[in-house]
Each structure stands twice: as structure tokens, then as C-alpha cells.
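# Examining the three-dimensional arrangement
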2 protein chains.
Amino acid sequence: MLNKAQSEKEFLKNYNIHDYDIPLTSVDLVIFTIREQCLHVLLVKRGDFPFKGEWSLPGGFIDVHKDKDLDATALRKLREKTGVRVPYLEQLQGFGSRTRDPRGWSTTFVYFSLIASDQIELAHGGTADAAQWFPINAESRLPKLAFDHAEIFQVALQRLYNKVEYSSLAAHLLPTEFTLTDLQQVYQIVLGRQIDKSAFRKRIKEGNFLDELEGQFRYGSNRPAQLYRIKEGSGLVYYSRTLSNE
Amino acid sequence: MLNKAQSEKEFLKNYNIHDYDIPLTSVDLVIFTIREQCLHVLLVKRGDFPFKGEWSLPGGFIDVHKDKDLDATALRKLREKTGVRVPYLEQLQGFGSRTRDPRGWSTTFVYFSLIASDQIELAHGGTADAAQWFPINAESRLPKLAFDHAEIFQVALQRLYNKVEYSSLAAHLLPTEFTLTDLQQVYQIVLGRQIDKSAFRKRIKEGNFLDELEGQFRYGSNRPAQLYRIKEGSGLVYYSRTLSNE
DNA sequence: ATAATAGTGTCTGTAAGACACTATCCA
DNA sequence: TGGATAGTGTCTTACAGACACTATTAT
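Below is a summary of the structure that appears in this document. Nothing here was measured: the structure is a model prediction, and the numbers come from that model. (Residues numbered from 1 in each chain as written. Chains lettered and ligands numbered in written order. Predicted model: local features only at pLDDT ≥ 70, side-chain atom pairs only at ≥ 80, totals over all residues. Heavy atoms only, no water.)

So, about the relation of the copies chain B and chain A. For the pair chain B and chain A, the superposition axis carries a translation of 0.0 Å, the fit reaches an RMSD of 0.0 Å, and the rotation angle comes to 180°. Here the copies are linked by what is in effect a two-fold axis. Distance from the rotation axis, computed per C-alpha, reaches its smallest value in chain B at Arg241(B): 2.1 Å. (Least-squares fit on C-alpha atoms with pLDDT ≥ 70 in both.)

This is how it looks when you write it as C-alpha cells:
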């Protein structure tokens, strides 16, 4: 009679994942940035089947040898496409169905990332898929996307809108040093509406997630603007009220 | 020369998922209910390796033949364990790493469910794993859980706490007909603190997600209490402020 | 009548919104 | 000096919290 540990060892020895019908599993990313006063999303042109030559969200399969966990896969993919080191990254949601991929039942863990446009060097050429920023606004429409990526993108965009209303999230779309007016503009771009300056500043100060860079200002033909950066090690700040009331 | 559709067809013909090292993919559930004035979570005793005989969150593998998408897998698992038909179900988050399952790289899509305790018949006996409700409060501790389920449970519990603060979520822990005092008690149990009755009622009425059952009351040795039920087809209501201010 | 819980009214506190005001630079 | 944008002060508004008050039943 085997004891429990021995039984488990025996079980694992005989266990072969290839004996089962299991779904494909990938990780995809919705990467937002702000360029030229407009929210943009990163898309790549697929170099392989399926959907070869069509636009899609960047992503790919988990490398069970290289990646220690899902976050590692996401970070690896992010680095491959943008060269970015420490962006804002959170998991959005999983998607999975029999029909989303013609190769069969497939699932994907979708991540949501915000990066400053000044930190990006898009990967190009070689075997890498072509990557390109697409603006998101009322005038422009994204190209048709592969798989169910159009639906996934909509969910991500909705999450961005919602979360900006009650958190410090939007600060991660800016370069490391910025003014409060920069920050307010980012909020306005994302939310698509004007925000009152006074109310906005009271709220940001109250949130206490910025460091004032003492003696550092941005100069122009006006009163110099204080520069700030995100406080070291401060995660997202959540407010107990949203910005707007409808 | 093949055209694009033919090339893709050719590619798919030669594609065999078993040629690749890919992770295991499962769906797990964190199912909450309220029994005897206390929040409970459903755990099952594992009938098979790995972690045979240990407690875990209910769940299992995607059945690529039966399930059309992830939600279908989650609903199937929920029905198998509890017999419940239309509970509150949302996806919580995915987890995946090389180490969480001794069989190898594995991922799981975790769902989050709230159900009324009066609607449940726990599946027992046969080959089914034994299922049992465990109380969640300061005095009691959950047993040691298999895989990374202890961590997953903590994330789910945190989500419950947070979401109850700014939404109508907690209403889904009640049987179909309830009084406002019932509802307030559920909020208090989940949040672990008292709530002011007047403020609470103003908020709920404002939310407009309940139907007053005209002429139906719960009687006792006091003024009869109006019965309510959740409005047909109303999803969650989100408030622009949380209940508490810290 | 009394106990008990249902349900309401009134006042206060807090933070967002509106908007006018001052501050400080460049040309 | 004037134009421009940075930054502040004051009043209003919306809603959560505190708490006392009234309402309606069973016993």
C-alpha cells in the first residue's frame, strides 16, 4: 500500500497533458498611451495564420519554459512590442470560447497597460509583427480586428473610462515629470469633457500621490508651472467619490 | 499559388495542439452566501490527485466539447455543486504560474458568485466531491486550501468588500423577497460595521433597483415591514460615492 | 399600555462644481 | 503694459452620517 505522497508521485509520473483535449491559452495586451493630445492604442499586424495580415492586439502564447507566471508573460510581450520597462500593468479579464480562434477552443488573459509615449520605441522589422499606434476618438475608427479583439478592446476602453473617474490611474499616461495642468488635460482627454480646475487640484492634492519637485518649474510666457512626479512606490489612489455625478 | 483563404485552411489542417507545450486551464469558483447571519464560502474536498483529500475551491477543467465559452463552464460547475439556476456570477481574475499545480504550468479563470442560501441544495455522495459551507469571520479560520486557493480566496473576499461599498451587489445574497432591514443587515455582515438606517434607505431608494411588492409585508410584534424584490432585468447599480468615507 | 421594530425628518459635515480672483512669467 | 497660463478663495450643491422622531403591529 502506497502512502499519500507516494500515490501522488505515481499519479504525476503517469500524467501527460497531451492525453487531454484542452484549450489554447494566450495573453493579450491593450496598451494605451497619449500622443498629440489624443488617446491611442497599440495594434500589431499579424505575421502568421490565423488572421495573417490583419490587425490585432499584441499578445501571444505563454512560454511555459521562460515565463514563471502570467504577469511575466504579459511583461515579456510588452517589452517585445514597446521596449518599455516599468509601465502600469493590470489584468483586465479573461475571454474564452469555442469560436474565437479557428484553431479550436481558446482562452486569453487580457492585460491592460498605460505607458508614457516618450518612453516607447516600437519594435519593427525582422520577424516582428509591425506595430502601430491608432488614435481613439469620435472621428477615427479602428481597423477591423482579428479574433474577438474588437470586443476585448471595448471592454478595456470602458475599464479605462470608469477607473479614471475614481482613481489616480490617468497619471500613468504621462512622462515622469509633469504639471498639474498636464495631468488635468490627460483626464479631460480620456473622459472627453472639461473638468473644473479648482476642484481637480483640490482632489489631486488630497490624494497625496504626487511629489512636488522643489524649485523645478516649466517656463513659458506665463507664470511658471510647478513640476510633479508620481510618489515613489505609491500604488493607485482610489477616491470615495467619482469626478462627475451622472 | 494558394490564395489567402486556402493558405489558412491548409495551415489549420496541419495544426495540432498536442504538438506544443501549453498550460493546463481550469475554471474555479468562489461562491459566497449568508447563513445564520454570517458570510460563508463553499469549499469542496478533492476526490482526486493532486491534493487528494484536501479542501479547495470548487472548479474543474473546461470541457471543450460541452462548454461553448468560459461563462458556460462556470455555470456548469456552479450547477454541479449547488443546483442553483440564476445566481450572480462575474469573472474575478485569472491566475497562472509554473508552480501552482504540481502537474505543471497551469492557469485558472476564477469566477465570483453570490447566491441566496435558501436556493441551494449541495451536491453530495456518489463520485461528487463533498461540498461544505465554511463561515468567514474573525473567530473562524478556513482550513488549509489546495493549490493557490488561499490567495485566490483573499482576492475574492477583498473584491466583495470593495464592491459592496459602492454598488447594489449585496442584494444578491438575499432570497428573492426581503425587507430593507434584511438588506441592511447583509450589508452590515459583509462590511463588518453598523450603517445608519436613514442614510442607507435614502441610498437604496435613490438606486431604484428594487420593486416594492404592493400590499405585501412581513409581520411581527411591530410595525409590518414592506417586502421588496430586485427589479427584473436590473443589473448592478453603481453609486458615485462609497458608503463610508475612510 | 408597552415593547419592538419599521420608517421618516432635520441638521451637520465633507468634498465636488462654478466661477471669479490673484500671481508671475514673456514679449 | 498686455496676454497668457498658473494657482487660490468663496459660495453653492449633493449626499452620507447622526440622531431624534413618528408609525404600526403583537401581546
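Next comes the rest of the write-up.
On to the protein's contact with DNA strand D. Taken together, 26 residues are adjacent to DNA strand D, and Lys197(A), Ser198(A), Ser221(A), Asn222(A) and Leu243(B) come closest. A breakdown of the atoms of DNA strand D within 4 Å of the protein gives sugar and phosphate a share of 60%. Within the backbone of Pro224(A), one N or O atom sits 3.3 Å away from a sugar or linking oxygen of DNA strand D. For DNA strand D, a base oxygen lies 2.7 Å from a polar atom in the backbone of Arg223(B). If you list the elements that add at least two residues to the surface near DNA strand D, you get helix H5 (197-207) and strand S9 (222-230) of chain A together with helix H5 (197-207) and strand S9 (222-230) of chain B. Partitioning the surface near DNA strand D into residue classes produces five nonpolar, 10 polar and 11 charged. (Near = heavy atom within 4 Å. Polar contact = N/O pair within 3.5 Å; in protein donor to acceptor, adjacent residues only side chain to side chain. Helix = DSSP H or I, 4+ residues; strand = E, 2+ residues; numbered from the N terminus. Nonpolar A, V, L, I, M, F, W, Y, C, P; charged D, E, K, R; others polar.)

Let's shift gears to helix H4 (residues 180-191) of chain A. All names here are of chain A. The end-to-end C-alpha distance of H4 is 16 Å, a good match for the 16 Å that 12 residues give at a rise of 1.5 Å each. With nine of 12 residues buried, H4 is to be regarded as a mostly interior element. Along H4, the residues classified as buried are Leu180, Asp182, Leu183, Gln184, Val186, Tyr187, Gln188, Val190 and Leu191. In this fold, the buried residues of H4 make contact with strand S1 (24-35), strand S2 (38-45), helix H3 (149-166), H5, strand S8 (210-220) and S9. Looking one or two residues beyond H4, the residue adopting positive phi is Gly192, at roughly 70°. (Expected span 1.5 Å × (residues − 1). Buried < 20%, exposed > 50% of the residue type's maximum accessible area, 1.4 Å probe, protein only. Contact = heavy atoms within 4.5 Å.)

This brings us to the packing of aromatic side chains. Residue and element names in this part refer to chain A. Summed over the entire model, instances satisfying the criterion amount to 15 aromatic pairs over all chains. Geometrically, the ring pair formed by Tyr166 and Tyr238 is stacked, given 6.1 Å between the ring centres and 25° between the ring planes. Taken as a pair, Tyr166 in helix H3 and Tyr238 in the segment after S9 lie far apart in primary sequence, 72 residues in all. Judged by its relative accessible area of 29%, Tyr166 falls in the partly exposed class. Judged by its relative accessible area of 49%, Tyr238 falls in the partly exposed class. Over the face of the ring belonging to Tyr239 we find Arg203, whose NZ or CZ atom lies 4.0 Å from the ring centre. (Phe/Tyr/Trp six-rings, centres within 6.5 Å; stacked < 30°, edge-to-face > 60°. Lys NZ or Arg CZ within 6 Å of the ring centre and 35° of its normal.)

Here we take up the interface of chain B and chain A. Taken together, the 46 residues of chain B in the interface contact 46 residues of chain A. Around 4100 Å² of area is buried between chain B and chain A when both sides are counted, 60% of it from carbon and sulfur atoms. Seen at the junction of chain B and chain A, the total is zero salt bridges. For the pair chain B and chain A, the number of links is 13 residue pairs in polar contact (both at pLDDT 80 or more). When residues in the side of chain B that touches chain A are grouped by element, the largest group, six residues, is from strand S5 (residues 88-97) of chain B. Its residues assigned to classes, the side of chain B that touches chain A comprises 18 nonpolar, 15 polar and 13 charged. (Buried area = accessible area lost by both parts, 1.4 Å probe. Salt bridge = Lys/Arg side-chain N within 4 Å of Asp/Glu carboxyl O.)

With that out of the way, let us pick up helix H2 (residues 70-82) of chain B. All names here are of chain B. The terminal C-alpha atoms of H2 lie 18 Å apart, and with 13 residues this matches the ideal 18 Å at 1.5 Å per residue to within 8%. The N-capping residue of H2, defined by a side-chain oxygen 3.3 Å from the backbone nitrogen of Asp71, is Asp69. Gly83 sits one or two residues past H2 and shows a positive phi near 70°.

Moving on: the pattern of salt bridges. All names here are of chain B. Scanning the model with the defined rule gives 24 salt bridges over all chains in all. Notably, a salt bridge pairs Arg76 with Glu80, separated by 3.1 Å at the nearest N-O pair. On the criterion of helical spacing, the pair formed by Arg76 and Glu80 is a turn pair, its members being four residues apart in helix H2. According to the relative accessible area criterion, Glu80 is partly exposed, its value standing at 38%. Of the charged contacts, one joins Arg229 and Glu177 as a salt bridge, the two residues approaching to 2.7 Å between their closest N and O atoms. Of the two residues, Arg229 is situated in strand S9 and Glu177 in the loop between helix H3 (149-166) and helix H4 (180-191); the sequence distance between them amounts to 52 residues.

Note that every value here comes from positions in space, so none of it alone points to a role or purpose.
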